[in-house]
2 protein chains.
Amino acid sequence: MATSEPSSDSLQAEFLKNNAQFAADFPDGNLPMPPARHALVLACMDARLHVEKVLGIKNGACHCVRNAGGRASDDALRSIAISQRLLGTKEVHIVHHTDCGMLTFTNEQLASKIKEDLGVDVGDRDFLPFANLEKSVLDDIRTVSESPFVAPGTQVHGYIYEVETGKLRVVG
Amino acid sequence: MATSEPSSDSLQAEFLKNNAQFAADFPDGNLPMPPARHALVLACMDARLHVEKVLGIKNGACHCVRNAGGRASDDALRSIAISQRLLGTKEVHIVHHTDCGMLTFTNEQLASKIKEDLGVDVGDRDFLPFANLEKSVLDDIRTVSESPFVAPGTQVHGYIYEVETGKLRVVG
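Residues numbered from 1 in each chain as written. Chains lettered and ligands numbered in written order. Predicted model: local features only at pLDDT ≥ 70, side-chain atom pairs only at ≥ 80, totals over all residues. Heavy atoms only, no water.

Participant: Requested: an account of the environment of Gly153(A), with residues and values cited.
Facilitator: Structurally, Gly153(A) is set in the loop between helix H5 (133–146) and strand E4 (155–161). It is 16 Å that separates the C-alpha atoms of Gly153(A) and Asp140(A), two residues lying 13 residues apart in sequence. (Helix = DSSP H or I, 4+ residues; strand = E, 2+ residues; numbered from the N terminus.)

Have a look at this one:
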């Protein structure tokens, strides 16, 4: 068994071993680049949210953008613009989740911690935390819908995933 | 069978149906928020790259950040900072892939297309395309390693995933 704090080398070795098994029986070598279902999912980076499994997404079906919180950040809008303009996606599904780390801090608290731990002054940088889960989904639906980079009329759906139950519920 | 261009409503209905099956037998309701393997994966949004499956990542094991290209964008660094400072991750694994859309355009071409399709002038916005796959991985390893938001000494690993074969190869 691995020790309780496995080294980075051991995780890389694990990934490569797992991947060798995955690639040994690989049926999907001819999938095209554009997502088959013309959709993009924007979700949190949380380790308990395996997006394709939770939503039952098939290989090649949907783009998947993830970041801390599943927020409609400027960079998420960059990804959505590329997805829509070059690869034909037409709808966005936003997934936040219960017990999210973004509910546990303020910008000021994180700035203090970065200053304390790394000696770096982040100024007034917004790390996009939120205090209300439903509101964060609704805010991000609006941000995507109103972005000039996103095609007018794009359908934007919102969800909260419950890490305690595995259930997805619709928001908005 | 669905028509060739399923409506957005039908995709949402599919997600909810798939999720009901997923949640019907859900064993992981008590996983803690911090990733068990103290690691974060940064990968492309490509629809053919189901990160957890390709790397064999267990539920709760690793944060997963994804964007167009799997780039070390400012927003990816935001996510890494939150992951490291608040949730204890200590290493980063960057995954780009063959046949990536980011190899197919320049900023000027995308800016022209956005202007043509949406009537919006994006100015000199950088959409982070790249012309060389190995170099893009190496560039992003360096960007993460040198970021003041990232803990000094963080191990940063790079990979290219082959969408044609399912195989992962190490870069750098």
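Participant: Would you mind going over the pattern of salt bridges in detail, with residue names and values included?
Facilitator: A pair can form between side chains of opposite charge whenever their charged atoms are brought close. Overall, the coordinates contain 22 salt bridges over all chains when judged by the stated rule. Residue Arg66(B) is joined to Glu52(A) by a salt bridge in which the shortest nitrogen-to-oxygen separation is 2.8 Å. In this pair, Arg66(B) sits in strand E2 (residues 62–67) while Glu52(A) sits in helix H2 (residues 51–55), so the two residues belong to two different chains. Exposure class is identical for Arg66(B) and Glu52(A). Each is buried. Its salt-bridge partner being Lys113(B), residue Asp117(B) comes within 2.9 Å of it at the nearest N-O pair. (Salt bridge = Lys/Arg side-chain N within 4 Å of Asp/Glu carboxyl O. Buried < 20%, exposed > 50% of the residue type's maximum accessible area, 1.4 Å probe, protein only.)

Participant: So what's going on with the interface of chain B and chain A? Residues and values would help.
Facilitator: By a widely used convention, the size of an interface equals the accessible area lost when the partners come together. Each partner contributes to the interface: chain B provides 98 residues, whereas chain A provides 97 residues. Of the roughly 8000 Å² buried between chain B and chain A, counting both surfaces, carbon and sulfur atoms make up 60%. The tally of links between chain B and chain A comes to six salt bridges. Here Asp117(B) and Arg85(A) are joined by a salt bridge, their closest N and O atoms 2.6 Å apart. Between the two partners, chain B and chain A, sit 45 residue pairs in polar contact (both at pLDDT 80 or more). (Contact = heavy atoms within 4.5 Å. Buried area = accessible area lost by both parts, 1.4 Å probe. Polar contact = N/O pair within 3.5 Å; in protein donor to acceptor, adjacent residues only side chain to side chain.)

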